[in-house]
Amino acid sequence: MTDNEKYSNHCIQMFEVYSQYLDGELDENQRTEVEHHIETCSECRACFMTLKKTKELCSKMPRVKAPDDFTSRLHSRIRNILDCK
Ligand SMILES: [Zn+2]
């Protein structure tokens, strides 16, 4: 059994909308279909949970904040460089 044979055609269709589901881009009917499929199909549930986790981790990645004096230091450094020319 290859990986592809584990999944039905329906599963493959579902894979394409999981990401949209998580982004809230599906209408009511499509959401219900996805939810129903995830409940009944353990392969898809595992796949869906992995996708969901990945998205959550990505959204929680801290943004690197520049120090407050970054801009003024950058400007003075640029001025120094310009002055040297
Ligand atoms: Zn499935």
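For clarity, every value in this text was computed on a predicted model and none was experimentally measured.

A. Representation of helix H2 (residues 9-22). Here H2 is 14 residues long and its end C-alpha atoms lie 21 Å apart, about the 20 Å a rise of 1.5 Å per residue gives. Of all the bends found along H2, the most pronounced is centred on Glu16 and spans about 35°. A positive backbone phi angle near 70° is found at Gly24, which sits one or two residues after H2.

B. Fine view of the packing of H2 against helix H3 (residues 28-40). As a packed pair, H2 and H3 sit with axes 10 Å apart at the nearest point and diverge in direction by 120°. Relative to H3, H2 is oriented oblique. In the crossing of H2 with H3, the sense of the turn from one axis to the other is left-handed. Every residue of H3 that contacts H2 at His10, Met14, Val17, Tyr18 and Tyr21 is listed here: Gln30, Arg31, Val34 and His37.

Calculation rules
- Residues numbered from 1 in each chain as written.
- Predicted model: local features only at pLDDT ≥ 70, side-chain atom pairs only at ≥ 80, totals over all residues.
- Helix = DSSP H or I, 4+ residues; strand = E, 2+ residues; numbered from the N terminus.
- Expected span 1.5 Å × (residues − 1).
- Bend = angle between axes of the 7 residues up to and from the residue.
- Axes fitted to C-alpha atoms, helices over the stretch in contact; angles between N-to-C directions.
- Parallel < 35°, antiparallel > 145°, perpendicular 65-115°, else oblique.
- Left-handed = near helix turned anticlockwise from the far one by under 90°.
- Contact = placed C-beta atoms within 7 Å.

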